[in-house]
Amino acid sequence: MSNPVIIGIAAAVVVVAAVVFFLLGIVYRKKVSEREIQSAEEKAKRIINDSIKNAENKKREALLEAKEEIHKNRSEHEREIRERRSEMHKQEQRLRQKEEMLDKKMEIIESKTEKVEKKRIELEAEHEEIAAIKRNQFEVLEKISGYTVAEAKALLIKNLESEVTHEAAMKIREIEERLKEEAEFKAREQISLAIQRCAADHVAETTVSVVPLPNDEMKGRIIGREGRNIRAIEQLTGIDLIIDDTPEAITLSGFDPVRREVARISLEKLILDGRIHPARIEEMVEKAKREVDTTIKLEGDRATFETGVHGLRPEVVKILGRMRYRTSYGQNVLNHSIEVSHIAGLLAAELDADIMTAKRAGLLHDLGKAVDHEVDGSHVNIGVDLAKKYKENDDVIHAIHAHHGDVEAKTIIACIVQAADAISASRPGARRDNIESYVKRLEKLEELTTSFKGVDNVYAIQAGREIRVMVKPDEISEDHMVILARDIAKKIEDELEYPGQIKVTLLREQKVEDYAK
């Protein structure tokens, strides 16, 4: 056989062998797949059977647990019902006992009511009998005396009033003279000792600030182009700048003294620096605010150091420092408070009172004036609220509340602070008072005095330190003059505010005229 034939036969054999081998592989894979499918089906059946068995077991367990829980709840419910029934039974027993007690009490009350009613009837009968006897006695007395009951009463009251008025006037005069002799000597001695040991300045404060200028050209620079500089200053400080014809000076006006001081310092710094524009103004105002805050803190520390009052909260010290820029009738409030603290301490030493409490109350008595332009209300109420807020002791709070007589002074510390405040405010040179308020006070003084019955003329003399009262002699007797003087002084104390004291002098003059013909 030739080679091509052999090669063809060999190729055919190879192809047939490959086909046979492929068919055998397919048959083998089919059998393996059938075995795997059968194994997977058996495994799935087994898993399903196991799951069914587990589910049935869990179901049985859940039923058992539910039955146990139901049994437990039923037992607890039955126990609660038994306890409630027992409690209700006890309450019923207590209610029955209370009803029995109430019934017994009602019986007792009814019995007592009957007795009281019987006694009332007996008393009414006795009162009627007594009234009849009294009427008979009055009739007999009227026949004997010749006066009716009303006439006899009027006569007795008139005689009694005359005697009592005379005795009361004499007693009042005697007590007043004795008390004046003792109290005036002691008061003068103690107050003079306190005052002579306290040195204080005369008033020199003003309510506006004036900033000097190097020349009048500076006014134009401060005003700026179209007024932008002056507007910036006023907006940042809240202070009005008054630029008028006053040579080389600008006036600062504002209700808040702290803001006015900030504006003054800012303006002085701007004038010294020479660069005046809105950005520079804002920078200088911030620097001035920091400088004023530092000054306030230092002034508060100075006040506590000078008075020896320690333990104040930082907020209170800062409020004290703000009073450096507050005035009252031209008197610096911080210096006034320091002065009151010194005088109160000296008075407390003379009276053997608590010196430190008196000095503390004296230093804080006008605390409300530092913020009275920011908070509504009088400076007394504001000061009391601040003292309560910062946990001051009750004696200090009461002294603050009572230092202007808003409430009655109930402690010696409050009385000492009242006296020290009056001494500091009314000493010569302490305060300025304008003529209008002075005249109004004198008019009010005369008006209060003329409101009394029997007053003829009234004259306020010695700058309002004394009031002369002319009384009508036919309406006011000499004994009544003592009582009338006390009533006038009391009304002046209650309705008029004044420094120091006012002397009330009553004059009674009776003229008799006749002619020889």
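It should be noted that the structure appears before, not after, this text.
Scope of this entry: the structure provided in the associated data block. (Residues numbered from 1 in each chain as written. Predicted model: local features only at pLDDT ≥ 70, side-chain atom pairs only at ≥ 80, totals over all residues. Heavy atoms only, no water.)

## Side note on the overall build of the protein chain
Piece 1. Looking only at helices and strands, the protein chain has 14 helices and eight strands in total.
Piece 2. Here the protein chain holds 517 residues, and 28% of them are scored as buried.
Piece 3. Counted over contacts in the protein chain with a minimum sequence separation of 6, partners at least 24 positions apart contribute 62%.
Piece 4. A total of about 35,700 Å² of accessible surface is found on the protein chain, and carbon and sulfur atoms cover 54% of it. (Helix = DSSP H or I, 4+ residues; strand = E, 2+ residues; numbered from the N terminus. Buried < 20%, exposed > 50% of the residue type's maximum accessible area, 1.4 Å probe, protein only. Contact = heavy atoms within 4.5 Å. Areas by Shrake-Rupley, 256 points an atom, 1.4 Å probe, with all protein chains shown as cover.)

## Some thoughts on the packing of helix 6 (residues 278-307) against helix 8 (residues 333-350)
Piece 1. Helix 8 packs onto helix 6 with a crossing angle of 15° between their chain directions and a minimal axis gap of 10 Å. Of the possible angle classes, the one that applies to helix 6 and helix 8 is roughly parallel. Crossing geometry of helix 6 relative to helix 8 is assigned as right-handed. Side by side, helix 6 and helix 8 meet where Glu299, Arg302, Ala303, Glu306 and Thr307 of the first sit next to Leu334, Asn335, Ile338, Ser341 and His342 of the second. (Axes fitted to C-alpha atoms, helices over the stretch in contact; angles between N-to-C directions. Parallel < 35°, antiparallel > 145°, perpendicular 65-115°, else oblique. Left-handed = near helix turned anticlockwise from the far one by under 90°.)

## Concerning helix 4 (residues 228-237)
Every α-helix carries 3.6 residues per turn, so stepping three or four residues along brings you back to the same face.
Piece 1. Where helix 4 is concerned, the buried positions are Asn229, Ile230, Ala232, Ile233 and Thr237. One side of helix 4 holds all its buried residues, which, seen down the axis, span an arc of 160°.
Piece 2. On its buried face, helix 4 sits against helix 3 (217-223), strand 2 (240-242), helix 5 (257-273) and helix 6.
Piece 3. Gly238 sits one or two residues past helix 4 and shows a positive phi near 75°. (Arc of directions from axis to C-beta.)

## Focus: the sheet that holds strand 3 (residues 249-253)
Piece 1. Sheet architecture is open: three strands sit in the order 1-3-2, paired in antiparallel fashion. Only two strands of the sheet have a single neighbouring strand rather than two, namely strand 1 (209-212) and strand 2. Ignoring which end each strand starts from, the neighbouring axes of this sheet average 30° apart.
Piece 2. Sheet topology note: the strand 2/strand 3 ladder contains three bridges and is antiparallel. In the strand pairing of strand 3, Leu241 is matched with Leu252.
Piece 3. Sheet contacts for helix 5: strand 1, strand 2 and strand 3; angle to strand 1, the most-contacted strand, approximately 5°. (Pairing = 2+ DSSP bridges.)

## Looking at the packing of aromatic side chains
Piece 1. All told, the structure shown has zero aromatic pairs when counted by the stated rule.
Piece 2. Sitting over the face of the ring of Phe452, Lys491 holds its NZ or CZ atom 5.3 Å from the ring centroid. (Phe/Tyr/Trp six-rings, centres within 6.5 Å; stacked < 30°, edge-to-face > 60°. Lys NZ or Arg CZ within 6 Å of the ring centre and 35° of its normal.)

## Some remarks on the environment of Arg313
Piece 1. Tracing the backbone shows Arg313 in the loop between helix 6 and helix 7 (314-322).
Piece 2. Overall, the relative accessible area of 39% leaves Arg313 in the partly exposed class.
Piece 3. In this structure the C-alpha to C-alpha distance between Arg313 and Tyr390, which are 77 residues apart in sequence, comes to 7.2 Å.
Piece 4. Not counting residues within four places of it along the chain, the set of residues in contact with Arg313 comprises Tyr390 and Lys391.

## Looking at the pairing of strand 1
Piece 1. Judged by which residues are buried, strand 1 turns out to be one-sided: Ser209 and Val211 face inward and are buried, whereas Val210 and Pro212, on the alternate face, are not.
Piece 2. As paired elements, strand 1 and strand 3 share four bridges and run antiparallel to each other. When the bridges of strand 3 are listed, Val211 appears paired with Ile250.

## Considerations on the packing of helix 8 against helix 9 (residues 355-364)
Piece 1. Close contact between helix 8 and helix 9 brings their axes to 7 Å; oriented N to C, the two are set at 155°. Between helix 8 and helix 9, the angle is such that the two are roughly antiparallel. The element helix 8 and its partner helix 9 pack so that their crossing is right-handed. Within the contact between the two elements, helix 8 uses Ser337, Ile338, Val340, Ser341, Ala344, Gly345, Ala348 and Ala349 and helix 9 uses Ile355, Ala358, Lys359, Gly362 and Leu363.

## Thoughts on helix 10 (residues 379-389)
Piece 1. Along helix 10, the residues classified as buried are His379, Val380, Ile382, Gly383, Val384, Leu386 and Ala387.
Piece 2. At its buried positions, helix 10 is contacted by helix 7 and helix 11 (394-402).
Piece 3. Lys391 sits one or two residues past helix 10 and shows a positive phi near 60°.

## Some words on a nonpolar patch on the surface
Piece 1. A cluster of nonpolar side chains, contributed by Val15, Val19, Phe22, Leu23 and Ile26, occupies part of the molecular surface with about 450 Å² of accessible area.
Piece 2. One can find Phe22 in helix 1 (residues 3-145). (Patch = residues over 30% accessible without salt bridge, like charges linked within 9 Å, V, L, I, M, F, W, Y side chains within 5 Å. Salt bridge = Lys/Arg side-chain N within 4 Å of Asp/Glu carboxyl O.)

## Re a negative patch on the surface
Piece 1. On the surface, Glu61, Glu65, Glu68, Glu69, Glu76 and Glu80 cluster together to form a negatively charged patch.
Piece 2. As for its placement among the helices and strands, Glu68 is situated in helix 1. (Lys, Arg positive; Asp, Glu negative; His and termini not counted. Charge placed at Lys NZ, Arg CZ, Asp CG, Glu CD.)

## Observations concerning the nonpolar core
Within soluble globular proteins, side chains that are nonpolar generally end up buried alongside one another.
Piece 1. Membership of the largest hydrophobic core comes to 40 residues, with the highest contact counts inside it found for Leu312 and Leu364.
Piece 2. Those elements that provide at least two residues to this core are helix 7, helix 8, helix 9, helix 10, helix 11 and helix 12 (412-426).
Piece 3. The leading source of residues in this core is helix 8, at eight residues.
Piece 4. Residue contacts for Leu364: discarding those within four places in its chain leaves Leu312, Val316, Leu320, Glu392, Val396 and Ile400.
Piece 5. The next biggest cluster of nonpolar side chains, apart from the first, holds 26 residues, and it includes Ile222, Ile233, Ile250 and Ile265. (Core = buried A, V, L, I, M, F, W, Y, C linked by side-chain atoms within 4.5 Å.)

## Details of the sheet that holds strand 7 (residues 466-471)
Piece 1. If you walk across this open sheet you meet the three strands as 6-7-8, and the pairing is mixed. The open sheet has two edge strands with one neighbour each: strand 6 (455-461) and strand 8 (503-508). Sheet twist, expressed as the average angle between the axes of neighbouring strands with direction ignored, equals 20°.
Piece 2. Packing of helix 14 (residues 478-495) onto the sheet brings it into contact with strand 7 and strand 8, and relative to strand 8 it is tilted by some 150°.

## Here's the deal with unusual backbone geometry
Piece 1. Residue Glu226 is not a glycine yet carries a positive backbone phi of 55°.
Piece 2. Counting through the fold element by element, Glu226 comes out in the loop between helix 3 and helix 4.
Piece 3. Given the relative accessible area of 71%, Glu226 is considered exposed.
Piece 4. The backbone of Asp352 shows a phi angle near 60°, a positive value even though the residue is not glycine.
Piece 5. Note on placement: Asp352 falls in the loop between helix 8 and helix 9.
Piece 6. Given the relative accessible area of 73%, Asp352 is considered exposed.

## What about the side chain of Arg360?
Piece 1. As for its position among the elements, Arg360 is in helix 9.
Piece 2. Excluding residues within four positions of it along the chain, Arg360 makes contact with Val309, His310, Gly311, Leu312, Glu392 and Val396.

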